[in-house]
Amino acid sequence: MANTASARKRIRQNEKRLERNRARRSRVRTFLRAVEDAITGGDKAKAQEAFRLAQPELQRAADKGVTHDNTVARKLSRLSARIKAIAVTA
């Protein structure tokens, strides 16, 4: 157990950050799921709109350090490519 005031404060800060990051990560997954559902449904307009809404959430997660910058870039690139491919097959 923490013995110093600074250690106790650090524990409180870590708990707050954990909750905040957990919520952020969950929010990102929700937005990604919406894009995935639209892509699998084959609705390009819906997929583009969901992607447009998901982009800032993913970028925010990267800025806040919840996910790595390159991970976000890779996910956005792959989703974008899949959305573009909808028109070719449909």
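Rules behind the numbers
Residues numbered from 1 in each chain as written. Predicted model: local features only at pLDDT ≥ 70, side-chain atom pairs only at ≥ 80, totals over all residues. Heavy atoms only, no water. Core = buried A, V, L, I, M, F, W, Y, C linked by side-chain atoms within 4.5 Å. Buried < 20%, exposed > 50% of the residue type's maximum accessible area, 1.4 Å probe, protein only. Helix = DSSP H or I, 4+ residues; strand = E, 2+ residues; numbered from the N terminus. Salt bridge = Lys/Arg side-chain N within 4 Å of Asp/Glu carboxyl O.

Okay, the nonpolar core next. Core analysis: the largest hydrophobic core is formed by 19 residues, its most contacted members being Val35, Ile39, Ala47, Leu58, Leu79 and Ile83. Mapped onto this core, the elements with two or more residues apiece are helix H1 (5-41), helix H2 (44-63) and helix H3 (69-89). Looking at which element gives the most residues to this core, the answer is H2, with seven residues.

The next subject is the pattern of salt bridges. Following the criterion strictly, the structure yields five salt bridges and no others. For Glu36, the salt bridge is made with Arg82, and the minimal N-O distance between the two is 3.0 Å. Pair noted here: Glu36 is in helix H1 and Arg82 is in helix H3, with a separation of 46 residues, a long-range link. On the accessibility criterion, Glu36 (31% relative accessible area) is partly exposed. The shortest N-O distance in the salt bridge between Glu49 and Arg52 comes to 2.6 Å. Taken together, the residues span about one helical turn, with Glu49 and Arg52 both in helix H2 at a distance of three residues. According to the relative accessible area criterion, Glu49 is partly exposed, its value standing at 36%. For Arg52, a relative accessible area of 48% gives the class partly exposed. Overlapping salt bridges, with partners in common, bring together Arg27, Glu57 and Arg60 in one network.

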